Number of protein chains: 2
Amino acid sequence: MSLSERVAAAVDGARQWQRLMDMAKLGAIAGDGVDRACLTPLDRDARRIVMRWAEEAGATCSVDAAGNLWLRREGTDPAAAPVLSGSHMDTQPQGGRFDGIYGVLAALEVMSALQDSGVTTRRPMEVVAWTNEEGSRFGPGCMGSMAWSGHSEIETFSDSTDAQGLRFGDALAELLASEADVPRRALGGTTPHAYIEAHIEQGPLLEREGLAIGAVTGIQGSRWFVVTLTGDSAHAGTTPLRLRRDAMQAFVRVATALNTIMDDPDDVLRFTIGRLQVEPNSSNSVAGRVVFTIDLRHPDAAVLRARGDAILGVIEAAAGDVTIDLRETFDAPPSVFDPDLVSMIEQAATALQVGCRRMPSGAFHDAQFVNRVCPSAMIFVPSHKGISHNPAEYSSPEQLESGARVLAWTLMELAS
Amino acid sequence: MSLSERVAAAVDGARQWQRLMDMAKLGAIAGDGVDRACLTPLDRDARRIVMRWAEEAGATCSVDAAGNLWLRREGTDPAAAPVLSGSHMDTQPQGGRFDGIYGVLAALEVMSALQDSGVTTRRPMEVVAWTNEEGSRFGPGCMGSMAWSGHSEIETFSDSTDAQGLRFGDALAELLASEADVPRRALGGTTPHAYIEAHIEQGPLLEREGLAIGAVTGIQGSRWFVVTLTGDSAHAGTTPLRLRRDAMQAFVRVATALNTIMDDPDDVLRFTIGRLQVEPNSSNSVAGRVVFTIDLRHPDAAVLRARGDAILGVIEAAAGDVTIDLRETFDAPPSVFDPDLVSMIEQAATALQVGCRRMPSGAFHDAQFVNRVCPSAMIFVPSHKGISHNPAEYSSPEQLESGARVLAWTLMELAS
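Residues numbered from 1 in each chain as written. Chains lettered and ligands numbered in written order. Predicted model: local features only at pLDDT ≥ 70, side-chain atom pairs only at ≥ 80, totals over all residues. Heavy atoms only, no water.

A.B. asks: Before we go on, may I ask you to explain the overall build of chain A in this structure?
C.D. replies: When its secondary structure is counted, chain A shows 12 helices and 18 strands. The C-alpha atoms of chain A give a radius of gyration of 24 Å, which matches the 22 Å a tight globule of 416 residues would have. Seen along its three principal axes, the alpha-carbon backbone of chain A occupies a region of about 80 × 45 × 40 Å. By the burial criterion, 60% of the 416 residues in chain A qualify as buried. The contacts in chain A between residues at least 6 apart in sequence include a share of 79% that link residues at least 24 apart. If you sum the accessible surface of chain A, you get close to 14,800 Å²; carbon and sulfur atoms cover 50% of it. Averaged over its 36 positive side-chain charges, chain A has a centre that lies 2 Å from the centre of its 54 negative ones. (Helix = DSSP H or I, 4+ residues; strand = E, 2+ residues; numbered from the N terminus. Rg over C-alpha atoms; globule rule 2.2 N^0.38 Å. Buried < 20%, exposed > 50% of the residue type's maximum accessible area, 1.4 Å probe, protein only. Contact = heavy atoms within 4.5 Å. Areas by Shrake-Rupley, 256 points an atom, 1.4 Å probe, with all protein chains shown as cover. Lys, Arg positive; Asp, Glu negative; His and termini not counted. Charge placed at Lys NZ, Arg CZ, Asp CG, Glu CD.)

Laid out in C-alpha cells, this is it:
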C-alpha cells in the first residue's frame, strides 16, 4: 500500500462531518444555515476550535498581518517548500454549512489522517484559512489571499466599512489583539510548492452527472456591466404605442438580441440579467427608465473579450428610440490552473475509483490569487441542486469524504 | 348672430387664463406644478374663489353630502332639467395647472360669458366640481361622481385613509363644516339634461395632428393584471444556462409573445408593462421571481375581452419551465358617450372653424360615472407632448380658449 493510499484510507468521513456540524453551530440560523461573518466573535471562536484540532493533528498555528490563519505540520525536510491547502471560514449572511469551511476542514482532515497513520511527509504541510473571502461584511472579498499574494497591500482595505460603519482595519486589529498568544508569521514572502483548495461546486453539474469530483481547470473570467435605457414616462391610457419611448419594451428587445449573441451550444458561457430596476415603476405609466445588469463569464479570455465587446453594438441596434448608457463595472480575466496539478487530481480520483470530470469554476475563489504565487488547482465536490449562499446548501457526508480522500491523495503525491 | 355664436364670442380667453394662473398659485410647486389634494385647506381656498367667481357670473352655490360643489345659473324655464358641465379641482401630488381645474373654469367661463352678454338660457345651467377625482390622497378616484351617480354610497369611502392616516370621512366632514354657510343640496336624485366635461387630452394626438378639439366618443375599457413568474434563483457563475429556471428570461419571452398578440395596426390598443420587480434582484444571481403588471385598454369591449382573455394562454406557451400566477386586478368595461352629444361638439367646432377629431379617452374621468345618469360627452384640448400628472403639463391660452368656445356653443345648443 502506497503512502498516498494509506493516508487517503485514514481520512475519517465521520470525524470531518462532525467537525463541520460543530462549526455550523457557530452562527447557526434557521434552515440549517450559518451566518458567521469574518472578524466577528463567532469567527474568533471558530478559529480557536480549528487551532485546537490542528494541534491535536501535530500542527503548529500562526497568524499573519492579514489575519490569515496558518496551521503547519512539519515534514522530514525542513528546507522544502510546503504543500499548501485550505480555503476560508467566513460565510454569507444567509450562508450554508459548507462554503469555505469545507476546504479548511478537509485539509485539516488530511493532517489528522497523517497523524492517525503516523506518517510524516517529506515536505511540510500547511493549511490556511484566508481572511474575508466572501466580501459580504467588508468589500471586496478575497482580502486575505489578495494581501498574501501581493495583489494588494492589506492596508488598502483598512477603510472598508461594514453595515454598522466599523472599519476593516479596526476589526482586523481587534482580531489580532485577541490572538496575541498565537505566533505571528510574515505576510507572504514564502512560495509554497503547490496549493490545492477543496470547495463545494456551488453549481449543479457534478450532481447531475453523478460524479464525485471536479478537477477544476481554472476560474472563468467575468465582465460585469450596468445598462441604463432612458425613454419617456407617459400615461399608459393616453399614449399610443407608436408614440412611446418605452424603456421596458426597449429592454425586452435588447435582452432578446443579447440572448442571440450569447448563445453557446456548449453551454459554457454564463450570461445573466439578474438585477433590473424601473422608473417610475407604476402599473399605469409607461417606463421612462430601465437599469439592468449583465454578468458575463467564460473560461476563455478571447471569448469573454469578444462577447463582452459586442454588447454595446447589440444594444444600440436593438434598443430603438431610447438613450443608452453602458458602464463596465468589473473585468476579471480567467485564471488558468496548473495543468499538472489538474492531472494529479484526476489521477487521484481514478486511483480512488471515484468519478471525476474537469471543469472550470463559475465562482471566484482565493485560489485565483494564490495561483499568482504558486501552482494551484481546486477540487470540487457536488452541491445538492447547485444551491449555495443559502441555508439549503448541502453536500452529503460521503461526498465530502470522497473529496477529502482525493485531496489527501493529491497532497501526499505533492508532499513526497 | 345666433345665441350660441354670441355666447361663444363672449368667452374671454384672457380671463380664463388668468383664473387658471390664479388657481395654480394655490399649491404651486417647482416647475409650474401644482400639488392641491382634495379636502385640504388649499382645496377649500380654491373652492371659495370659484364660488366668488360664480356669484359674479350670476350663479348660486351649493354643496352636496359628497362635497361636490355646484354652481347654478337659472334659466327661463325653472322646471327644465339643467345642462351640466364641470370636472374636478384636485391635483396629483406632482400635478400640473390644467388637469381637472380646466373643466371647472371653462364651464365657469361659459357662465361668465352668458353674464357678460346678458343672455339667459331656457334650461338652467349648472357647473360641478366633483370631489376627489385623482384618488391620489384617498383611493379610489372619482369618489364624488361615483357617489352622485349612485355607483357607490359615499359612506363606503369613509374609511379610506391618506398617507398620514386621516380618514376620508373625517376630511369630508371637516370640509362640509367649513362650508356650513354654503347651501346644502341633495346628493343625486336629479337628472341633468346632459353633461359635457372639458379636459386636457393628457395624450399627444391633438398636438401631433394640429387639431384644437377632441370630440370624445367614450372612455376606453381597462383590464389590469399582475403576473408572477417563479423559477429558481441560482449562482450566476456556476449554473449553466440550460439548467436554469430563470424568471427574467421567462419574462423576456413572455413580453415578446404578448407584444405579438397585442399588435394593433390602428394603434388604438394600449398595452403597457409598467411595473416589474425581481427577486433577489442581485447582479450575480439568476432571477428566481419576476412580478410584472399588464395594463390593457381598448374602447371596444369585444377587443378588450378577447385580448385580455388570450393573455394566460400566451404566457403559458411562452414562459417555459417557470411557474405562472396570473391575477386580474381591475376590469372596467368601456364607456360609450352619447353619439348626439359627440356630433354636437363636432358641429360646434365646425361652426367655430377649429379643427376637431373624434377620439376615445385613454384616461378615466368623472364623465364615465355621470354617463350612467344622463347623456354625456367630453371635449379635449391639446396637451403639449401629451404630458400630464407632471408640473410640465401645458396647454396654451389659445387652445384653452378654443375649448371653452366649443364648450359654450355646445352648452348653448343644449340649453336652448
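Okay, back to it.
A.B. asks: Would you explain the side chain of A:Ser388 in this entry?
C.D. replies: Residue and element names in this part refer to chain A. Positionally, Ser388 belongs in the loop between strand S18 (376-381) and helix H12 (397-415). A polar contact is formed between the side chain of Ser388 and the side chain of Gln202, at a distance of 2.8 Å. Once residues within four sequence positions are removed from consideration, Ser388 is found in contact with Asp99, Ile200, Gln202 and Glu393. (Polar contact = N/O pair within 3.5 Å; in protein donor to acceptor, adjacent residues only side chain to side chain.)

A.B. asks: Even after reading the chapter, I still don't get the pairing of strand S18 (residues 376-381) of chain B, so can you show me in this structure?
C.D. replies: Residues and elements named next belong to chain B. Burial analysis of S18 places 6 of its 6 residues in the buried class, the great majority of the element. Burial of the side chains of S18 extends over both faces: Ser376, Met378 and Phe380 are buried on one face and Ala377, Ile379 and Val381 on the other. As judged from the 3 bridges shared by strand S8 (residues 213-219) and S18, these two strands associate in the antiparallel manner. By the bridge assignment, Ala215 is partnered in S18 with Ile379. (Pairing = 2+ DSSP bridges.)

A.B. asks: Explain the side chain of A:Glu179 to me, please; I cannot follow it from the model alone.
C.D. replies: Tracing the sequence through the fold places A:Glu179 in the loop between helix H6 (168-178) and strand S7 (194-200). Filtering out sequence-adjacent residues up to four positions away, A:Glu179 remains in contact with A:Arg47, A:Arg48, A:Met51, A:Val63 and A:Arg184.

A.B. asks: Before we go on, may I ask you to explain the interface of chain A and chain B in this structure?
C.D. replies: By a widely used convention, the size of an interface equals the accessible area lost when the partners come together. Listed as interface residues are 50 residues of chain A and, on the opposing side, 50 residues of chain B. Together, the buried faces of chain A and chain B total about 4,300 Å²; carbon and sulfur atoms form 53% of this surface. It is A:Thr238, A:Asp267 and A:Ser283 that lose the most area in chain A upon contact with chain B, and together they represent 12% of the buried surface on that side. In this structure, the connection of chain A to chain B is made through 0 salt bridges. Counting the contacts that link chain A with chain B gives 22 residue pairs in polar contact (both at pLDDT 80 or more). Of all the secondary-structure elements, those providing two or more residues to the side of chain A that touches chain B are helix H7 (205-209), helix H8 (247-261), strand S11 (270-272), strand S12 (276-279), strand S13 (285-286) and strand S14 (289-298) of chain A. No other element matches H8(A), which puts 7 residues into the side of chain A that touches chain B. Among the residues making up the side of chain A that touches chain B, the classes are represented as 19 nonpolar, 20 polar and 11 charged. (Buried area = accessible area lost by both parts, 1.4 Å probe. Salt bridge = Lys/Arg side-chain N within 4 Å of Asp/Glu carboxyl O. Nonpolar A, V, L, I, M, F, W, Y, C, P; charged D, E, K, R; others polar.)

A.B. asks: Looking at this model, I keep getting lost on the relation of the copies chain A and chain B. Mind explaining?
C.D. replies: Superposition of the two copies of the chain requires a rotation about an axis together with a shift along that axis. Mapping chain A onto chain B is achieved by rotating through 180° and translating by 0.1 Å along the same axis, at an RMSD of 0.2 Å. Taken together, these values place the two copies in the relation of a two-fold axis. The rotation axis passes nearest to the C-alpha of A:Val252 in chain A, at a distance of 2.7 Å. Counting the interface residues of chain A, we find that 100% of their copies in chain B are interface residues as well, pointing to one common contact surface. (Least-squares fit on C-alpha atoms with pLDDT ≥ 70 in both.)

A.B. asks: Where do I start with the packing of helix H4 (residues 101-116) of chain A against H12(A) in this structure?
C.D. replies: Any two packed helices are characterised by how steeply their axes cross, that is the angle between the axes, and by the distance between the axes. Residue and element names in this part refer to chain A. As a packed pair, H4 and H12 sit with axes 9 Å apart at the nearest point and diverge in direction by 60°. With respect to H12, the element H4 is oriented oblique. Two packed elements cross with a definite hand, and for H4 against H12 that hand is right-handed. In this structure, H4 contributes Tyr102, Ala106, Ala107, Val110 and Leu114 to the contact, and H12 contributes Leu400, Gly403, Ala404, Leu407, Ala408, Leu411 and Met412. A class-by-class count of the residues in the contact of H4 with H12 yields 11 nonpolar, 1 polar and no charged. (Axes fitted to C-alpha atoms, helices over the stretch in contact; angles between N-to-C directions. Parallel < 35°, antiparallel > 145°, perpendicular 65-115°, else oblique. Left-handed = near helix turned anticlockwise from the far one by under 90°.)

A.B. asks: Sorry, what's going on with the pattern of salt bridges here?
C.D. replies: If the charged atoms of two oppositely charged side chains come close together, the side chains can form a pair. Taken as a whole and judged by the stated rule, the model has 51 salt bridges over all chains. Note that A:Glu179 is salt-bridged to A:Arg47, the shortest N-O span being 2.8 Å. Taken together, the positions of A:Glu179 in the loop between H6 and S7 and A:Arg47 in helix H3 (residues 41-56) put the pair 132 residues apart, joining distant regions of the chain. Each member of the pair A:Glu179 and A:Arg47 is classed as buried. B:Arg405 is the partner of B:Glu401 in a salt bridge, and the nearest nitrogen-oxygen pair spans 2.4 Å. Of this pair, B:Glu401 and B:Arg405 both sit in helix H12 (residues 397-415), separated by 4 residues, roughly a single helical turn. On the basis of relative accessibility, which here comes to 22%, the residue B:Glu401 falls in the partly exposed class. In the salt-bridge network here, residues are joined through shared partners; they are A:Arg15, A:Arg19, A:Glu109 and A:Asp116.

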